[in-house]
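# Results of the structural survey
Each chain, letter by letter, is given below.
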Amino acid sequence: AWPTCNAYTALTISAVTAGSVGTTCANAVSIPAFPYSAANQTTACKGNDYTAATTGICNGNYAYGEDFVYTFTVASAQCIGISITGATNNDITFAIYQGGCPGGGGTCIGSGGVATLGALSGSVNLPGAGTYYLIIDTQTPTSNVTFNIAINSFGAGAANDRPFQATPLPFN
């Protein structure tokens, strides 16, 4: 006999589908080229694989909700701009990792968050050729968010535009 505490006679529980695209670095959504844009993306049902306890996480205060993972490869150093709009809550954040994901040897090279009025943007210098991972996450435990994303490359820029490569100016 089923319990009679409510009108329901059965409970169905959904879980992340094994291999669901975008849940981890192993099955990240591939960004083929810049500019890139995608509408109505969501972290819902993606699971919380990257948390504040994950070794190498760079946005630990914001790594509590479900994650969405993208990957892309660049041929040279460049600066990219990330724009998130239409976020269904302001807890959304992003982090960029070089060479892998947190917990798998990746190095955090930049992050941003939280949103204001559903929008978040920032730029990140990619230090060289290689594979990078972009993780979208939320600040609130068990939270998910739907969002639109656009990523553009600003190119390599001038040699002194990168951090710690500024041309020294003499003081007179």
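Residues numbered from 1 in each chain as written. Predicted model: local features only at pLDDT ≥ 70, side-chain atom pairs only at ≥ 80, totals over all residues. Heavy atoms only, no water.

Right, let's get into the state of the cysteines. Across all of its chains, the model carries 2 disulfides by this definition. Each sulfur in the disulfide pair Cys 25 and Cys 101 lies 1.3 Å from the other. Judged by the sign of its S-S torsion, about -45°, the bond between Cys 25 and Cys 101 is left-handed. Placement of Cys 25 in the segment before strand 1 (29-30) and of Cys 101 in the loop between strand 5 (92-98) and strand 6 (107-113) is noted, with a sequence separation of 76 residues between them. Taken as a pair, Cys 25 and Cys 101 share a single burial class, namely buried. For Cys 58, the disulfide goes to Cys 108, at an S-S distance of 2.2 Å. Across the S-S bond of Cys 58 and Cys 108 the torsion is about 70°, and the bridge reads as right-handed. You can see Cys 58 sitting in the loop between strand 2 (36-42) and strand 3 (68-74) and its partner Cys 108 sitting in strand 6, a full 50 residues away along the chain. For the chain, the disulfide bridges join cysteines in the arrangement 1-3, 2-4, where the cysteines are counted in sequence order. (Disulfide = S-S within 2.5 Å. Helix = DSSP H or I, 4+ residues; strand = E, 2+ residues; numbered from the N terminus. Buried < 20%, exposed > 50% of the residue type's maximum accessible area, 1.4 Å probe, protein only.)

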